[in-house]
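Take a look at the letters that make up each chain.
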Amino acid sequence: MSNAFLDAATRRRTQYSLASELPIPQADVTALIKEAVRQSPSSFNSQSSRAVILFGAESRKFWDLVKDALRPLVPADGFGATEAKIDSFAAGAGTVLFYEDSAPIRALQEQFPLYADNFPVWSEHSTGIAQYAVWTALAEAGIGASLQHYNPLVDAAAAAQWDIPSSWTLRAQMPFGAHAGPIGEKTFIDDALRFRVHG
């Protein structure tokens, strides 16, 4: 079976070994990320997903904030391994910070009180879809990436650094860049454990 979307999805893999080069111009990467988020579906078309795109020194600054947040929490004798891991993310060309904006969610809760409890859950669906869309689009462009979750440790520092609105909540971080090493094979559980087909 040939399917362009599934071909792109197959190329989307976790890449921890990143370099600072990009196979396409930075402006094209920005446009790609924006369009991937723009085209991602959301409940009631809430469009609650937000993205802060950091390149170069700004991206490295984010990962320095992460290290600063982790340093008091990680035993000193084990911090070297933590620092090396964070530095591997900082070695990339950039980082996408994925946020969800609670303002449109609250507006929908007021407009549709019957579904009020569901809108925050659906917001999490929206950000997951946006993250996957960006990741897959980057992979299709030959750019490696991984998905990280250092929130909420770094939320306040990032908000202060990049003047993030108070209604935005950090949900994930995606360092990206050139492939600096091989990507491991993805394994799959047995289909019988995962799928049921009737009719």
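Everything discussed here concerns the structure shown above.
The structure contained in this document is the topic of the report that follows.

Counting its regular elements, the chain contains eight helices and five strands. Its helices and strands in sequence order give the chain the pattern α-β-α-β-α-α-β-α-α-β-α-β-α, from N to C terminus. Over its C-alpha atoms the chain spans a radius of gyration of 18 Å, differing by no more than 12% from the 16 Å that the globule rule assigns to 199 residues. Projected onto its principal axes, the C-alpha positions of the chain cover 50 × 45 × 35 Å. Burial status across the chain gives 40% buried among its 199 residues.

Attention now moves to a nonpolar patch on the surface. Taken together, the side chains of M1, F5, L6 and Y132 make up a nonpolar region of the molecular surface, amounting to roughly 490 Å² of accessible area. Tracing the backbone through its elements, the reader meets F5 in helix 1 (residues 4-11).

This part takes up the nonpolar core. Of all hydrophobic cores here, the largest spans 20 residues; its most connected members are F62, W63 and V66. Ranked by the residues each element gives to this core, the list is headed by helix 3 (residues 57-70), at five residues.

Moving on to the packing of helix 3 against helix 4 (residues 79-90). The N-to-C vectors of helix 3 and helix 4 enclose an angle of 160 degrees; their axes lie 9 Å apart at closest approach. One way to sum up the angle between helix 3 and helix 4 is to call them roughly antiparallel. Every pair of crossing elements has a handedness; the one defined by helix 3 and helix 4 is right-handed. Listed contacts from helix 4 to R60, W63, V66, K67 and L70 of helix 3 are F79, T82, E83, I86, D87, F89 and A90. In terms of residue class, the contact of helix 3 with helix 4 is built from seven nonpolar, one polar and four charged.

In this section: the layout of surface pockets. Its volume calculated, the largest pocket comes out at about 280 Å³. Residue lining of the largest pocket: 16 residues in total, with V37, R38, Q47, S49 and R50 positioned closest to the centre. Of all the secondary structure elements, the ones that give two or more residues to the lining of the largest pocket are helix 2 (26-38), strand 2 (49-55) and helix 6 (119-140). Counted by class, the lining of the largest pocket contains six nonpolar, seven polar and three charged residues. When its volume is computed, the second largest pocket comes out at roughly 160 Å³. Lining the second largest pocket, in full, are K186, F188, I189, D191, R194 and F195. A class-by-class count of the residues in the lining of the second largest pocket yields three nonpolar, no polar and three charged.

Rules used in this analysis
Residues numbered from 1 in each chain as written. Predicted model: local features only at pLDDT ≥ 70, side-chain atom pairs only at ≥ 80, totals over all residues. Heavy atoms only, no water. Helix = DSSP H or I, 4+ residues; strand = E, 2+ residues; numbered from the N terminus. Rg over C-alpha atoms; globule rule 2.2 N^0.38 Å. Buried < 20%, exposed > 50% of the residue type's maximum accessible area, 1.4 Å probe, protein only. Patch = residues over 30% accessible without salt bridge, like charges linked within 9 Å, V, L, I, M, F, W, Y side chains within 5 Å. Areas by Shrake-Rupley, 256 points an atom, 1.4 Å probe, with all protein chains shown as cover. Salt bridge = Lys/Arg side-chain N within 4 Å of Asp/Glu carboxyl O. Core = buried A, V, L, I, M, F, W, Y, C linked by side-chain atoms within 4.5 Å. Axes fitted to C-alpha atoms, helices over the stretch in contact; angles between N-to-C directions. Parallel < 35°, antiparallel > 145°, perpendicular 65-115°, else oblique. Left-handed = near helix turned anticlockwise from the far one by under 90°. Contact = heavy atoms within 4.5 Å. Nonpolar A, V, L, I, M, F, W, Y, C, P; charged D, E, K, R; others polar. 1 Å grid on protein atoms, 1.4 Å probe; cavity = no way out; pocket = protein on both sides within 12 Å on 5 of 7 lines; lining within 4 Å. Points joined across faces, edges and corners; volume = space filled by probe spheres on them.

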